[in-house]
There are 2 protein chains.
Amino acid sequence: MSTILDVAKLAGVSTATVSRVINSPETVRGGTRKKVTRAMKICNYKYNALARGFVTKQSDTIGLIIPTINNPVFAESTSGVQDYADQQKIQVILGNTYYRNEQEESLVQTLREKQVDGLIITSTNPKGAIIKTLTDENFPFVLLYSTVKKGDASAVGIDNYQGGYRATDHLVKLGHERIGMVAGSFSISDRSFHRWHGYRQCIKDHGIAYDKDLLAQTDYSLTGGRDSVKKMLSYKKPPTAVFCSNDFLALGAMKGARELGLNLPQDLSIVGFDDIPIASYVIPELTTIRQPAYEMGKLGAKLLLQCIREQTKPVQLMLESSLIIRGSTTGVPG
Amino acid sequence: MSTILDVAKLAGVSTATVSRVINSPETVRGGTRKKVTRAMKICNYKYNALARGFVTKQSDTIGLIIPTINNPVFAESTSGVQDYADQQKIQVILGNTYYRNEQEESLVQTLREKQVDGLIITSTNPKGAIIKTLTDENFPFVLLYSTVKKGDASAVGIDNYQGGYRATDHLVKLGHERIGMVAGSFSISDRSFHRWHGYRQCIKDHGIAYDKDLLAQTDYSLTGGRDSVKKMLSYKKPPTAVFCSNDFLALGAMKGARELGLNLPQDLSIVGFDDIPIASYVIPELTTIRQPAYEMGKLGAKLLLQCIREQTKPVQLMLESSLIIRGSTTGVPG
DNA sequence: CTTGCATATGTAAACGTTTACATAAATTGT
DNA sequence: ACAATTTATGTAAACGTTTACATATGCAAG
């Protein structure tokens, strides 16, 4: 592979000049520029961005750490991050934690060794040591799907408590009193925990007694949703509605309910969370809390680059989520 | 940030020794090793993998280029790639082309400048100039979701023709004679084209006349599927079954049909392609051609690393796909 | 104790850029 | 045509590792 030096020799100029035609062509006279570009063609010169990163100490690369790319909501925000990064000529290294903290830790370390300029993290434990170290060492990063409203880490997220409250409120208003919740494991995601808080507060506010049997914690999967709901429906006093802390769980719940012979939504109302694209394409269409995943990713990337380039102060952005009422929820029977 | 040199000074050894305790600790005596690790702690030494990559000329990074991470089937193979890479201590830079050839080209270039060790590409145009250049310059890469059975590029894929044939055959065997196809645009994906070939050959083999009005080409999306099928169903002689060239299209078709008041599957049988996770969670459950996306990704990554490390000859791997019969297909009415 | 050998450590160049600074060349005004 | 100024180009060091090679150290056998 040929280097800048080869090009320089061939063109009869110095390496500095070649570097200049690459990075600021307007500063080199037309004639020389032509000589140089011609020389580059001739020796099929390929720029080495790694070498550049090495000297300038910026790699023009950021790391994106998410639980799993297989959840459409994370895929969506990943697109947002990538699109913004692409526009800014930045590359994105993607890593999945599968909700495992050690994996998150090792990813952070590896990516930092790779000299990424910053990190966007959907953390499994935003209050934990990993994030704290990052903050202490003043490494640029932003939290995505964050639950924090303030602090010394930049973050973008939605109000999960509010989301949970709204979802539950919708069910209560429809007349439901036995409302179950199928949540992602709290130990794995504080988002789920906040959503549950909203749920709990809402039923309390409406004078409905809390029944801990109506809370299931499971992994964020279709099967998790299905199995949890089936168990719940087997109780002597089954719920007439369930709030699921993401759409996968909700879709799974739909299936579980049907496998038990229920009609939807008459026999069971279901609310999801996220509003993944497929949510409006199933029957009944899924009532859900929409969160602006793509925008979140885009904004997160924007914030990170700001933080990298201008050393901005940490900010926490709370985006609006909204209840999308579709066909999967209806009044309580009878 | 401290460097190897700082550590070396502090420990009273040479940089070479420090480098050795990092890369091959067994070659340095216990005492020195301890001095060094202690010094590393003290100055909070952080390894610089970029600098390493610069000198060793390998970045331990590969690029993964896909049409869009928002299609679950690509998300699935991406997981496969990442899991294998992770296991091999390799990072993955992800890029979306959104089925645009120029985007593919610019991604390939940028990633090569970033000195990725190799590329995994789900190409929009595997016979085009981009791939040819890569081959000519002997750059390590493997094609994913490839349609090619042989050639001088490594590739892994399935037999899309066979998939299309099987899907159609299933419908024919059920008694359908007016079978539509909702395909992804041929100009954008030769996979879709191969699937259509299978479809065409199959109906021919069964003596069914080909009706070009029963072919829709659209973008690979839920709305694309919905709109195409609605148009088709508005014909004087509408199809009684449709084969969709991916599951998103099929799910969209389901919705479209229902919006027209049809009952599924009685009024319209639908076959998809991919078997994305949600396919078995909708009602009716989607009959589809399953392709082993995760395995494909994993295998692609494995192949690529082999190619990088051992300069292996190009190989083409054809994985098995299979027809998964579920509830979305049934006999022709009457 | 030596000698010889194996093993551990040190030396210094190399990797391909960028960039501060120095110098040379072109341009302007007189 | 010359000085003064502006603009273009060259020089060389720096970035943080690795690694071939040279040297030093430890150890075993005589």
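Our subject is the structure listed above.
Residues numbered from 1 in each chain as written. Chains lettered and ligands numbered in written order. Predicted model: local features only at pLDDT ≥ 70, side-chain atom pairs only at ≥ 80, totals over all residues. Heavy atoms only, no water.

A.B. asks: Would you mind showing me how to read the sheet that holds strand 9 (residues 269-274) of chain B here?
C.D. replies: Either a parallel or an antiparallel arrangement is found when strands of a sheet pair, and the pairing is made through backbone hydrogen bonds. All names here are of chain B. Here we have six strands laid out as an open sheet, ordered 7-6-8-9-10-12, and mixed in their pairing. Where the open sheet ends on each side, the last strands, each with one partner, are strand 7 (215-218) and strand 12 (322-324). When strand polarity is set aside, the average angle formed by the axes of neighbouring strands in this sheet is 20°. Across the sheet, helix 9 (residues 190-205) touches strand 6 (179-184), strand 7, strand 8 (241-244) and strand 9, and the angle it forms with strand 6 is around 165°. (Pairing = 2+ DSSP bridges. Helix = DSSP H or I, 4+ residues; strand = E, 2+ residues; numbered from the N terminus. Axes fitted to C-alpha atoms, helices over the stretch in contact; angles between N-to-C directions. Contact = heavy atoms within 4.5 Å.)

A.B. asks: What am I meant to see in the protein's contact with DNA strand D here?
C.D. replies: Taken together, 30 residues are adjacent to DNA strand D, and A:Thr17, A:Arg20, A:Arg29, A:Thr32 and B:Ser19 come closest. By atom count, sugar and phosphate contribute 64% of the portion of DNA strand D lying within 4 Å of the protein. Taking B:Ile4, its main chain carries an N or O atom lying 2.8 Å from a phosphate oxygen of DNA strand D. Contributing elements (two or more residues each) for the surface near DNA strand D: helix 2 (15-23) and helix 4 (49-56) of chain A together with helix 2 (15-23) and helix 4 (49-56) of chain B. The biggest single contributor to the surface near DNA strand D is helix 4 of chain B, with five residues. The class makeup of the residues in the surface near DNA strand D is 12 nonpolar, 12 polar and six charged. (Near = heavy atom within 4 Å. Polar contact = N/O pair within 3.5 Å; in protein donor to acceptor, adjacent residues only side chain to side chain. Nonpolar A, V, L, I, M, F, W, Y, C, P; charged D, E, K, R; others polar.)

A.B. asks: What should I look at first to understand the layout of surface pockets in this one?
C.D. replies: By rolling a water-sized probe across the atoms, one finds the places where empty space is left. When its volume is computed, the largest pocket comes out at roughly 1300 Å³. What lines the largest pocket is a set of 41 residues, among which A:Met1, B:Lys57, B:Gln115, B:Val116 and B:Phe139 lie closest to the centre. The set of elements that each furnish at least two residues to the lining of the largest pocket consists of helix 2 and helix 4 of chain A together with helix 4, helix 7 (129-136) and helix 12 (293-310) of chain B. Ranked by residues supplied to the lining of the largest pocket, first place goes to helix 4 of chain A with five residues. Here the lining of the largest pocket is composed, by residue class, of 18 nonpolar, 15 polar and eight charged. (1 Å grid on protein atoms, 1.4 Å probe; cavity = no way out; pocket = protein on both sides within 12 Å on 5 of 7 lines; lining within 4 Å. Points joined across faces, edges and corners; volume = space filled by probe spheres on them.)

A.B. asks: How should the sheet that holds strand 6 (residues 179-184) of chain A be read in this particular structure?
C.D. replies: Residues and elements named next belong to chain A. Strand order in the open sheet made by the six strands is 7-6-8-9-10-12, with mixed pairing throughout. Sheet topology places strand 7 (215-218) and strand 12 (322-324) at the edges, where each strand pairs with a single neighbour. On average, each strand axis in the sheet is tilted by 20° relative to the strand beside it, whichever way the strands run. Bridging between strand 10 (residues 287-290) and strand 12 involves three bridges; their strand directions are antiparallel. Residue pairing in the sheet places Arg290 in a bridge with Ser322 of strand 12.

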